[in-house]
Amino acid sequence: TGSREKFAQNAKVIHIDIDSAELGKVINAHLQIGGNLKKALEYIALNIKENNHPQWDKEIEEFKKEFEVKETESFTPKKIIETVNSLTNEYTPVATDVGQHQMWVSKYYNFKKPKTHLTSGGFGTMGYGMGAAIGAAVATKRRSVLFTGDGSFCMNFNEVTTAVRNNIPVTVIVLNN
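Residues numbered from 1 in each chain as written. Predicted model: local features only at pLDDT ≥ 70, side-chain atom pairs only at ≥ 80, totals over all residues. Heavy atoms only, no water.

Undergrad: Even after reading the chapter, I still don't get the environment of V13, so can you show me in this structure?
TA: Looking at the element boundaries, V13 is found in the segment before β1 (14-17). V13 sits 15 residues away from N28 along the chain, and the two C-alpha atoms are 8.0 Å apart. When neighbours within four sequence positions are excluded, V13 is seen to be in contact with F7, A8, I27, A29, H30 and L31. (Helix = DSSP H or I, 4+ residues; strand = E, 2+ residues; numbered from the N terminus. Contact = heavy atoms within 4.5 Å.)

Have a look at this one:
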């Protein structure tokens, strides 16, 4: 958290911890809930009021238009990702490794179902993706897709042999950026 005083200064912090002794130990939260995370989140989800922000949604759409990359080439990361998206279904698990392709997939792949976007969200290391894609294919008994960069793909290439040896259906798209 760094400095307790500077941590999330403009945010309202909710701390949920199964160990009540941990509440308020590092930072002071606006709301502290001791108990099971799953039960706490179920309770919150049932009791929270929906809050819409149409003006903010409109502003975000304007940002997207303003900063949209105008493509002049036909073979681009965006088009590759959108093509893969069109060839898969909404239940296909899609993993990303760590790198620029991670941002592209988050931006251009049209995820429709929860638990289908497998990403470390910036908290992982290069090489995360192959293991995630293998795990998703085994767990869901579906073909998974991995978007990775040339550097990340080389980090855990040994996992490719695991997938091949065990006939695990993973499609790998390597984007050389």
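Undergrad: I'm lost on the environment of V26 in this one. Help?
TA: For V26, the location among the structural elements is in the loop between β1 and β2 (31-34). Counting along the chain gives 22 residues from V26 to R4, while the straight-line C-alpha distance between them is 7.4 Å.

Undergrad: Would you mind going over the packing of aromatic side chains with me for this structure?
TA: Two numbers describe a pair of aromatic rings. These are the distance of the centres and the angle of the planes. For the structure on display, the rule yields 3 aromatic pairs. Measuring from ring centre to ring centre gives 4.5 Å for Y109 and F111, while their planes differ by 40°; the resulting arrangement is tilted. Classification of F111 by relative accessible area gives partly exposed; the value is 23%. For the pair F153 and F157, a centre-to-centre distance of 5.3 Å together with 85° between the ring planes defines the contact as edge-to-face. (Phe/Tyr/Trp six-rings, centres within 6.5 Å; stacked < 30°, edge-to-face > 60°. Buried < 20%, exposed > 50% of the residue type's maximum accessible area, 1.4 Å probe, protein only.)

Undergrad: Got a minute to help me understand the side chain of T96 in this structure?
TA: Turning to its location among the elements, T96 is positioned in strand β3 (residues 94-96). Judged by relative accessible area, T96 falls into the buried class, the value being 0%. Polar side-chain contacts of T96 include one of 3.0 Å to the side chain of T119. (Polar contact = N/O pair within 3.5 Å; in protein donor to acceptor, adjacent residues only side chain to side chain.)

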